[in-house]
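Coordinates in review
The chain contents come next:
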Amino acid sequence: PDLDSASSCENILAHTSLQLAVWIMGIAAFIGNILVIVMHRTSNDQKMTKATELVFSNLALSDFLMSLYLFIIGVADLMYRDRYAQYAEEWLSSPACFIASFLICTSSLMSVIMMLFISIDRYTITANPFASSDGRYKRTKIALILGWLLTCTFVGVPTIMGINQIGDRRLHEFSSICSPSNLNNPFYAGWTFSFVIIQLICWIITLIAYVMLVISVSKTQRSVRSSAQSRNSAIAIRLSLILITDLIAWLPIYIVSAITIIQGRLNVFTLQFAIILAIPLNSAINPYIYTATGTACFNRL
């Protein structure tokens, strides 16, 4: 196999490191996010508001979808091991590959959107701590429903359009890991560009919200010294840790995207490495970061 490529004529995943990464991160994301969802569903802790529980459950759900994507790619790699070239088009045009394409796009986009929701929610609560919890829950629920509907529609349309089409008319084109990579078709190229831009905008707004959160907490602490304000400070610190780890996981994708825009062409092999080793990492470590930093830090907020 070409050492610069993620796939080869023999295998969907050409390197042992990629084969291991798919299963390790897939299992970690699957178990971790299921535990988060179950924990929130069965917890009798009255300290956590319904809105907070809803946000974390949806974040876990979006990351859970990534584990399903990884399992699909891992199983396909095993099925076509040492003979991928003979069945490449069969795999690329299969329902499983289209489902995988839908899952990775939906999961990655919703994960970023969920970080945006969390950042805005944290700032709103810090700025207006006496707001109605019931009203906040209703607004959060409506926002999440709209987020899922818009995301599924945005991802579903180009994915469905490629069914029973040749490679040049598919979103994933000839990508063996079924990731968006078609920049030759103007429609799919525009969609991919929009996909990246939407995520960048979400991250920029998220960063602004976090900065405003830190400033708000800092100002309040100077005027009022209390255990509540100390807790707000701890929240800001923990959220900063979560944000930094997520940005690190996404950084390789943004670098590849920037290079693609500058050079006007896509290095599919580099993109595949970044997708397999970077994006799923975010979904795999999210539940453990939230647990390690203490979900209780969001209690009563």
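What you see is a predicted model, and the numbers here were worked out from it, not measured in a lab.

Per the secondary structure count, the protein includes nine helices and zero strands. For the protein, the proportion of its 301 residues judged to be buried stands at 51%. Residue pairs at least 24 apart in sequence account for 77% of intrachain contacts in the protein once pairs closer than 6 positions are excluded.

This brings us to the pattern of salt bridges. The full count for this structure, using the stated rule, is two salt bridges. A salt bridge links Asp 77 to Arg 81, with the shortest nitrogen-to-oxygen separation between them at 2.4 Å.

In this numbering, the UniProt entry assigns the feature "transmembrane region" (unreviewed entry) to residues 20-38, 59-80, 92-118, 142-167, 187-215, 236-262 and 268-290. Annotated as 100% helix and 0% strand, the span residues 20-38 places its first and last C-alpha atoms 27 Å apart.

Let us now look at a nonpolar patch on the surface. A contiguous nonpolar patch, built from Ile 120, Phe 193, Ile 197, Leu 200, Ile 201 and Ile 205 and spanning about 470 Å² of accessible area, is present on the exposed surface. Of the residues forming the nonpolar patch, the biggest block, five residues, is contributed by helix α6 (residues 186-223). Structurally, Ile 201 can be placed in helix α6. A relative accessible area of 45% places Ile 201 in the partly exposed class.

Here we come to the state of the cysteines. Under the criterion given, the structure shown has one disulfide. Disulfide pairing is shown between Cys 97 and Cys 178; the S-S distance is 2.0 Å. On the sign convention where negative is left-handed, the bridge of Cys 97 and Cys 178, at about -120° about the S-S bond, is left-handed. Here Cys 97, found in helix α4 (residues 95-127), pairs with Cys 178, found in the loop between α5 (133-161) and α6; they are 81 residues apart in sequence, far enough to count as distant. Cys 178 shares its class with Cys 97; the two are buried.

So, on to the nonpolar core. Judged by nonpolar contacts, the single largest core of 56 residues is most densely connected at Ile 12, Leu 13, Tyr 69, Ile 73, Trp 91 and Ile 177. Among the elements that take part in this core, α4 stands out by supplying 14 residues, more than any other.

Under the criterion given, the structure shown has eight aromatic pairs. Measuring from ring centre to ring centre gives 5.2 Å for Phe 187 and Tyr 188, while their planes differ by 70°; the resulting arrangement is edge-to-face. According to the relative accessible area criterion, Phe 187 is partly exposed, its value standing at 40%. Residue classification places Tyr 188 among the buried positions, given a relative accessible area of 3%. Feature note: the residues Trp 23, Phe 30, Phe 64 and Phe 71 constitute an aromatic cluster, connected by ring pairs.

How each quantity is defined
- Residues numbered from 1 in each chain as written.
- Predicted model: local features only at pLDDT ≥ 70, side-chain atom pairs only at ≥ 80, totals over all residues.
- Heavy atoms only, no water.
- Helix = DSSP H or I, 4+ residues; strand = E, 2+ residues; numbered from the N terminus.
- Buried < 20%, exposed > 50% of the residue type's maximum accessible area, 1.4 Å probe, protein only.
- Contact = heavy atoms within 4.5 Å.
- Salt bridge = Lys/Arg side-chain N within 4 Å of Asp/Glu carboxyl O.
- UniProt positions renumbered as here; feature names shortened; annotations may be inferred.
- Patch = residues over 30% accessible without salt bridge, like charges linked within 9 Å, V, L, I, M, F, W, Y side chains within 5 Å.
- Areas by Shrake-Rupley, 256 points an atom, 1.4 Å probe, with all protein chains shown as cover.
- Disulfide = S-S within 2.5 Å.
- Core = buried A, V, L, I, M, F, W, Y, C linked by side-chain atoms within 4.5 Å.
- Phe/Tyr/Trp six-rings, centres within 6.5 Å; stacked < 30°, edge-to-face > 60°.

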